[in-house]
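Listed below, chain by chain, are the residues.
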Amino acid sequence: MAKPKVLIAEELSPATLDALGPEFEIINCDGANRSELLACLSSGVDAVLIRSATKMDSEAIAAAKGLKVIARAGVGLDNVDIPAATAAGVMVVNAPTSNIVSAAELAIALLLASARHLSPAHAALKGGKWARSKYTGAELFEKTLGVVGFGRIGQLVAHRMQAFGMKVIAYDPYLQPAKAAALGVDLVSLDDLLANSDFITIHLPKTKETANLIGDTALSKVKPTVRIINAARGGVLDEAALYKAISQGRVAGAGLDVFATEPCTDSPLFTLDQVVATPHLGASTDEAQERAGIAVAVSVRKALSGELVPDAVNVKGGEIHEEIRPTLPLVEKMAQIATGLEAELPVSIEITVKGEVSIYDSSILATSALKGALIAIGTEDATYVNSPNLAQEKGMSATVSSEAECEDYRSMICLRAAFSNGARVEVDATLMGIRKVEKIIRINKFDIELPPSDHLLFLIYEDRPGVVGAVGNILGAAKINIANMQVARDKAGGEALMALTVDSAIPIEFTEKIAKEVGARVSRSVSLLV
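Residues numbered from 1 in each chain as written. Predicted model: local features only at pLDDT ≥ 70, side-chain atom pairs only at ≥ 80, totals over all residues. Heavy atoms only, no water.

*Asks:* Would you mind going over the pairing of strand β11 (residues 253–256) with me for this structure?
*Replies:* Regular strands place their side chains on alternate faces of the sheet. With burial as the criterion, each face of β11 is covered, one bearing Gly253 and Gly255 and the other bearing Ala254 and Leu256. Strand direction decides the pairing type here: strand β10 (residues 227–230) and β11, joined by four bridges, are parallel. Bridge pairing in β11 places isoleucine 229 opposite glycine 255. On the question of chirality, the crossover connecting β10 to the parallel β11 by way of helix α11 (residues 239–247) is right-handed. For β11 and strand β12 (residues 275–277), the ladder comprises three bridges, and the chain directions are parallel. Looking across to β12, one finds that leucine 256 is bridged to alanine 277. (Buried < 20%, exposed > 50% of the residue type's maximum accessible area, 1.4 Å probe, protein only. Helix = DSSP H or I, 4+ residues; strand = E, 2+ residues; numbered from the N terminus. Pairing = 2+ DSSP bridges. Right-handed = clockwise from strand over helix to strand, strands pointing away.)

Dropping the structure here:
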């Protein structure tokens, strides 16, 4: 088989190639060269790795027939058309934690440089001036640092600045006060932060809500000695308002790494000695670039092998807890079994998560179930990205609910599939032990304990002697080896379920022969694909 083709559209660290491994065909292009990019994409690539210079817009995505994943070796995704990628079933991944240390350290560097006038003092000395008295600065010790946006980078900055003896306060409307308190930080309103901070550092994404958040109104509330740092996103801090505030003596200084329009080489702010500026260097360290490259290479490997990638930004369900991740392939298999038993696509699937894992967000399991059902009817290109849309087109839905109580197991998952003919199929499963071994524990009314292996056979028939032997003889004659067999019944002489795991797929003529031989009302071979 041909190796999957991966396009590297920008320069990435050598460690990226090492992390990809030898299983891929690597091609390179200059992603900033539009015609070259489109030509490479249209040649048929499975994945494209980019940084910030390559624009993967709707035109580029449409040109890349068969593209499965766009990987951004960094955090920002302004250069990727995520809705267009989602519509095309293309997974979009980034490296959200790759540069957090580098970004935090640059914010601190700008803060220190602003406090001690390092940039103008350096320029003056190189210009032949010994201007000690002109550049008297301010200590950080016992000052108040206001962190606007207390996510991962904001928390890293806070922790490091506490070591300088600073008091840290933070504004973040989405953070629980207990989380901030555990880090020794007071969570306050934005107005309180503006009024009480000696230094302010911004760590927010740019959205409709945060655009120009620190503007004229906000800057009218700060101390005249305040210094403001923005190493997050341009446009959160209103540059025109900042220039006016510094020029009028209402703000003492600023450290800037990001700008509303980039590249930015001509700004009134650059004329002010009170401003130290860098050209968007937050992620520009060897370590951050290497981490980003490795992270997206690992994501590409997972995506091209059909796995769910936790860093995928266009997969419904958000961040997936480590206790939920092992249930994703299990629910896919459960949905395939339910669909295979009825031999048609369900119209609805209800998933109930019970027991200890019920406390975690398990909404992603709806997508797992949809993907499993679609694969069971032969939709080979079903992914975690496009399964919700494909299912909607086919009139299928899935929901997830949770129940704290679980009588027989520490945790279990119940799947209920409803079909257009009025039939319902119920499949229950659990993950057993420290190794989290997958087990199907109930199908409809029948209690079993079956590992969901690649090839399964299910029979529902009237309980009577000789059925086990008859099935064994037919499979033996076909040279199909039985690995495991479970038999359950509702009562002696009543209805029985036989579930088998076998070493190879069972051709339909043999399932039909078994059904005729034992009088089974259901005889289904299910091959699981996850």
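*Asks:* So what exactly am I meant to see when it comes to the nonpolar core here?
*Replies:* Proteins that are soluble and globular tend to have nonpolar side chains buried together. Among the nonpolar cores identified, the biggest contains 73 residues, and Leu415 and Phe458 are the most heavily contacted of them. Filtering out sequence-adjacent residues up to four positions away, phenylalanine 458 remains in contact with Ile337, Leu341, Ile443, Leu450, Leu497, Met498, Ala499, Val522, Ser523, Arg524 and Val526. (Core = buried A, V, L, I, M, F, W, Y, C linked by side-chain atoms within 4.5 Å. Contact = heavy atoms within 4.5 Å.)

*Asks:* Help me out: how do you make sense of empty space enclosed by the protein in this one?
*Replies:* If you roll a probe as big as a water molecule over the atoms, it shows you where there is empty space left. The final tally for this structure, using the stated rule, is one cavity of 30 Å³ or more. Counted as a void, the largest cavity has a volume near 60 Å³. In terms of lining, the largest cavity is formed by Ala113, Ser114, His117, Pro120, Arg227, Ala252, Gly253, Ala254, Asp273, Gln274, Val275 and Val276. Of all the elements in the fold, those that place two or more residues in the lining of the largest cavity are α5 (100–115), β11 and β12. When its residues are assigned to classes, the lining of the largest cavity shows six nonpolar, four polar and two charged. (1 Å grid on protein atoms, 1.4 Å probe; cavity = no way out; pocket = protein on both sides within 12 Å on 5 of 7 lines; lining within 4 Å. Points joined across faces, edges and corners; volume = space filled by probe spheres on them. Nonpolar A, V, L, I, M, F, W, Y, C, P; charged D, E, K, R; others polar.)

*Asks:* What exactly am I supposed to notice about helix α16 (residues 467–477) here?
*Replies:* One turn of the α-helix equals 3.6 residues, which is why residues spaced by three or four share an orientation. Regarding α16, the residues found buried are Val467, Ala470, Val471, Ile474 and Leu475. The arc enclosing the buried residues of α16, seen along the axis, measures out at 125°, which places them on a common side. Pointing more than 90 degrees away from the buried face of α16 are the exposed residues Asn473 and Ala477. Its buried side turned inward, α16 meets β19 (455–462), β20 (482–489), β21 (495–502) and α17 (508–518). (Arc of directions from axis to C-beta.)

*Asks:* Even after reading the chapter, I still don't get helix α12 (residues 286–304), so can you show me in this structure?
*Replies:* Along its 19 residues, α12 runs 27 Å from first to last C-alpha, staying within 8% of the 27 Å computed at 1.5 Å per residue. Within the sequence span of α12, burial applies to Ala288, Gln289, Ala292, Gly293, Val296, Ala297, Ser299, Val300 and Ala303. For α12, the arc enclosing every buried residue in end-on projection is 165°, short of the 170-degree limit, so these residues lie on one face. With respect to the buried face of α12, the exposed residues turned more than 90 degrees away are Asp286 and Glu287. As for α12, its buried residues are in contact with β1 (5–8), α1 (14–20), β3 (47–50), β4 (69–72), β5 (91–93) and α5. (Expected span 1.5 Å × (residues − 1).)

*Asks:* Can you walk me through the packing of α5 against helix α7 (residues 152–162) in this structure?
*Replies:* The geometry of α5 relative to α7 is characterised by a closest axis approach of 9 Å and an angle of 50° between their N-to-C directions. In terms of their interaxial angle, α5 and α7 are classed as oblique. Of the two elements, α5 crosses α7, and the hand of that crossing is right-handed. Here Ile100, Val101, Ala103, Ala104, Ala107, Ile108 and Leu111 of α5 lie close against α7, whose contacting residues are Arg152, Ile153, Leu156, Val157, Arg160 and Met161. Per-class residue counts for the contact of α5 with α7 are eleven nonpolar, no polar and two charged. (Axes fitted to C-alpha atoms, helices over the stretch in contact; angles between N-to-C directions. Parallel < 35°, antiparallel > 145°, perpendicular 65-115°, else oblique. Left-handed = near helix turned anticlockwise from the far one by under 90°.)

*Asks:* Just checking my understanding: could you explain a negative patch on the surface for this structure?
*Replies:* Among the surface-exposed residues, Asp18, Glu105, Asp286, Glu287 and Glu290 lie close enough to one another that they form a single negatively charged patch. Among the elements that line the negative patch, the one with the most residues is α12, at three residues. Following the sequence through the fold, glutamate 287 ends up in helix α12. (Patch = residues over 30% accessible without salt bridge, like charges linked within 9 Å, V, L, I, M, F, W, Y side chains within 5 Å. Areas by Shrake-Rupley, 256 points an atom, 1.4 Å probe, with all protein chains shown as cover. Salt bridge = Lys/Arg side-chain N within 4 Å of Asp/Glu carboxyl O. Lys, Arg positive; Asp, Glu negative; His and termini not counted. Charge placed at Lys NZ, Arg CZ, Asp CG, Glu CD.)

*Asks:* Is there a simple way to explain the sheet that holds strand β16 (residues 424–432) in this structure?
*Replies:* The pairing of strands in a sheet happens through backbone hydrogen bonds and is either parallel or antiparallel. Across the sheet, which stays open at both edges, the six strands sit in the order β14-β13-β15-β16-β17-β18 with mixed pairing between neighbours. Edge strands, defined here as strands with exactly one partner in the open sheet, are β14 (397–403) and β18 (446–450). Between one strand and the next, the sheet's axes are offset by a mean angle of 20°, whatever the strand orientation. Relative to the sheet, helix α14 (residues 364–376) contacts β13 (348–355), β14 and β15 (411–418), its axis offset from that of β13 by approximately 135°.

Geometric values such as these leave the question of function open.
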